[in-house]
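Each chain, written out:
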Amino acid sequence: MKVRYRVLAMLVLLSVITYLDRICIAVAAPDMQKDLHISQEGWGWVLGAFFFAYGLFEIPSGALGDWLGQRKVLTRIVLWWSAFTALTPLARNYYLLVATRFLFGAGEAGAYPNASGCICRWFPPSERAQAQGLVWGASRLGGAIAGVAVGAMMTRVGWQACFWLFGSLGLVWAAVWALWFRDDPAKHTAVTKAELAEIAVGTTHPTEHSGVPWLTLFGSVQTWLIVAMYWFYVTAFIFYMSWFPKYLVEARFFTKKAAGICVALMFTAGVVGNVVGGWASDRLTKRFGLAIGRKGIGASCLAISGILLFIAALTPEKYVTAALMIVSFGIGDAMLPCAWAICLDVGRRYSGAVSGAMNSAGQAAGTICSIVYGYLVARYGYDKPLLFLAPNMVIAAVIFAMIDPTKPIVADSVGELKPEQGKGPMPILEAVE
């Protein structure tokens, strides 16, 4: 197997572990709230603390990878978040839990921008959306595993043991990554000259790290369109990550076991959506160009997902509601590879900073929405607030259609896709073998 696909396999595993740690608290929420005597409003602040810290440190952590290299920065990120995952059960009151979740978010910030930086350095543009799709699909696989595993483990050993187990997985990953990965493909002893030619075909590939031209990046309309798109997207989509399991149990009266199955199905739909969305984007890009390949998939999936979420909130039958939300999540997730690939298309050498800015905006929206939604639930119930959240997805779709992936933010950046580049899309099976 080619070395770049082994790199992708490591990033896929990283993404699985990331969402095991994140979704663990969402599934364990009812028991944690009961044990620690936390109100609905207070739980919103617990969730918001993670998103606030994650968004606050996302840009500097992404840019740090562009400057120092993804090998060092990702190792630090995984060690940090694994430590605070394991420390979560030791937070035996509300204030300690908020502080722990804040520090967990600060440590995990930059994981996906740095993963994108690795993809930019190790993959030609014609394979990047599929690579992003596999990475983000893996995050949903982690969520699906957590949805089933946490529910089963809690009944036997309690919610605390879940955090200890998932925290230990990151320590193993960090050790392997630090010893094996290299930022520059040419410096990896297992990479052949033929593979280097494939990686760099038709493009000047980034091999050195450099400082980030902040004024140029944030003076670009492209950057602000990307930031705005992701803000509106996460404002609605964060419901699935933070509140969906509680919604099923407390608003639609599912059992905890049934809710866990629904969460697993939702994330399974996300796996399919990400893989198919990334594959379709690269196929359309090769045939019709970047504009159609990225925007055609991204904008349409956002719009459809938002409409389905709106309909679900108005549907009284609980199983139909759950099914609509699961499908909405899967279709919405098909947009993710396109959004993160666009950051590589326009950011090039500074893709870590651009994707960090995008994800930082999303986490800021997630912070506000997670907190506000808790207050709205306490006052209006679970369904009415969704009628406000869902239209944000349609707004995100309109903004996505305004982004031009053919225009790099920094003119002398690298990685421009040429018409003659590549012979075909990356074989998905080969990428994960």
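Everything below is about the structure shown above.
Counting of residues starts from 1 at the beginning of each chain's written sequence and follows it residue by residue. Restriction of local features to residues with pLDDT of at least 70 applies here, the model being predicted, together with a cutoff of 80 or more for giving and counting side-chain atom pairs; totals for whole chains, interfaces and linings are based on all residues. Hydrogens and waters are ignored; side-chain quantities use all the structure's heavy atoms.

Novice: Hey, could you go over empty space enclosed by the protein for me, with residue numbers and the actual values?
Specialist: The way it works is a 1 Å grid over only the protein atoms, where trapped points that fit a 1.4 Å probe form a cavity and open points with protein on both sides within 12 Å along at least five of seven lines form a pocket, and then any residue with an atom within 4 Å of a point lines it. Grid points are joined across faces, edges and corners, and a volume is the space filled by probe spheres set on the points. Evaluated as defined, the whole model comprises one cavity of 30 Å³ or more. If you add up the space inside the largest cavity, you get close to 300 Å³. Taken together, 23 residues line the largest cavity, and the ones lying closest to its centre are Y19, R22, F51, I238 and M241. Looking at the lining of the largest cavity, the elements that each hand over two or more residues are α1 (3–36), α2 (40–68), α6 (128–157), α10 (221–242) and α16 (351–380). Considering every element that reaches the lining of the largest cavity, the biggest residue donor is α10, with seven residues. Just so you know the grouping, Ala, Val, Leu, Ile, Met, Phe, Trp, Tyr, Cys and Pro go in nonpolar, Asp, Glu, Lys and Arg go in charged, and all remaining residues, Gly too, go in polar. For the lining of the largest cavity, the class distribution of residues is 17 nonpolar, three polar and three charged. For the purposes of this entry, the term helix denotes a DSSP run of H or I that reaches at least four residues, the term strand denotes a run of E that reaches at least two, and both are numbered from the N terminus.

Novice: So what's going on with helix α12 (residues 256–288)? Residues and values would help.
Specialist: Any helix carries an expected span of 1.5 Å times its number of residues minus one. With 33 residues, α12 should cover 48 Å at 1.5 Å per step; its first-to-last C-alpha distance of 46 Å lies within 8% of that length. One or two positions beyond α12, positive phi appears at G289, with a value near 105 degrees.

Novice: An account of the nonpolar core is needed here, citing residue identities and associated values.
Specialist: Definition used in this section: a nonpolar core is a set of buried Ala, Val, Leu, Ile, Met, Phe, Trp, Tyr and Cys residues joined via side-chain atoms within 4.5 Å. Buried residues are those whose accessible area, probed at 1.4 Å on protein chains only, stays under 20% of the maximum for their type, while exposed residues exceed 50% and partly exposed ones sit between those limits. Counting residues in each nonpolar core, the largest one holds 135 residues, and the members touching the most others are L11, W43, M229, Y233 and F239. Element by element, the count of residues in this core is highest for α1, at 20 residues. Contacts are assigned to residue pairs with any non-hydrogen atoms lying within 4.5 Å of each other. Apart from residues no more than four positions distant in its own chain, Y233 is found in contact with R140, L302, D333, M335, L336, N392, M393 and A396.

Novice: Talk me through a nonpolar patch on the surface; I want residue IDs and the actual numbers.
Specialist: Residues I307, I311, V394, V398 and M402 make up a contiguous nonpolar surface patch of about 430 Å² in total accessible area. Listed by contribution, the elements that provide at least two residues to the nonpolar patch are α13 (290–314) and α18 (391–400). Turning to its location among the elements, M402 is positioned in the loop between α18 and α19 (428–432). You can call M402 exposed: its relative accessible area is 52%. Candidate patch residues must exceed 30% relative accessible area and have no salt bridge, after which like charges are joined if within 9 Å and Val, Leu, Ile, Met, Phe, Trp or Tyr side chains if within 5 Å. Under the convention used here, a 1.4 Å probe and the Shrake-Rupley method define accessible areas, while residue burial counts only the protein chains that appear. Salt-bridge detection follows one rule: a side-chain nitrogen of Lys or Arg within 4 Å of a carboxyl oxygen of Asp or Glu.

Novice: Tell me about the pattern of salt bridges, and name the residues and values.
Specialist: Considering all chains together, one arrives at 10 salt bridges under this definition. For R4, the salt bridge goes to E195, with nearest N and O atoms at 3.5 Å. Within this pair, whereas R4 is found in helix α1, its partner E195 is found in helix α8 (residues 193–200), the two being separated by 191 residues in sequence. Under the relative-accessibility criterion, R4 is labelled buried at 2%. On the basis of relative accessibility, which here comes to 4%, the residue E195 falls in the buried class. Here K407 makes a salt bridge to D404, at a shortest N to O gap of 3.9 Å. Residue K407 is classed as exposed on the basis of its relative accessible area, which comes to 52%. Members of the salt-bridge network, linked through shared partners, are K2, R4, E127, E195 and E198.

Novice: Explain the side chain of R294 residue by residue, including any values.
Specialist: With respect to the element layout, R294 can be found in helix α13. Definition of a polar contact: a pair of N or O atoms within 3.5 Å, with one able to donate and the other able to accept a hydrogen when the atoms are protein atoms, and with sequence-neighbouring residues admitted only if both atoms are side-chain atoms. A distance of 3.3 Å separates a polar atom in the side chain of R294 from a polar atom in the side chain of T285. Filtering out sequence-adjacent residues up to four positions away, R294 remains in contact with P125, A129, S281, D282, T285, C338, A341, I342, D345, F400 and P405.

Novice: Which residues make up the packing of aromatic side chains, and what values do they have?
Specialist: Only Phe, Tyr and Trp rings take part, Trp by its six-membered ring, and two of them pair if their centres are within 6.5 Å. Stacked means planes under 30 degrees apart, edge-to-face means over 60, and tilted covers everything else. Taken as a whole, this structure holds 30 aromatic pairs when the rule is applied. Here W173 and W177 contribute two aromatic rings whose centre-to-centre distance is 4.9 Å and whose plane-to-plane angle is 15 degrees, an arrangement assigned as stacked. Of this pair, W173 and W177 both sit in helix α7 (residues 159–180), four residues apart, roughly one helical turn. Like W177, W173 is buried. For the ring pair F239 and Y240, a centre distance of 5.6 Å and an interplane angle of 70 degrees mean the geometry is edge-to-face. Taken individually, F239 and Y240 each receive the classification buried, so the pair is uniform in this respect.

Novice: Lay out the environment of V191 with the relevant residues and their values.
Specialist: Of note, V191 is situated in the loop between α7 and α8. Residues V191 and V3, 188 residues apart in the sequence, show an inter-C-alpha distance of 6.0 Å. With residues near it in sequence (within four places) discarded, V191 still touches V3, W122, P185 and L196.

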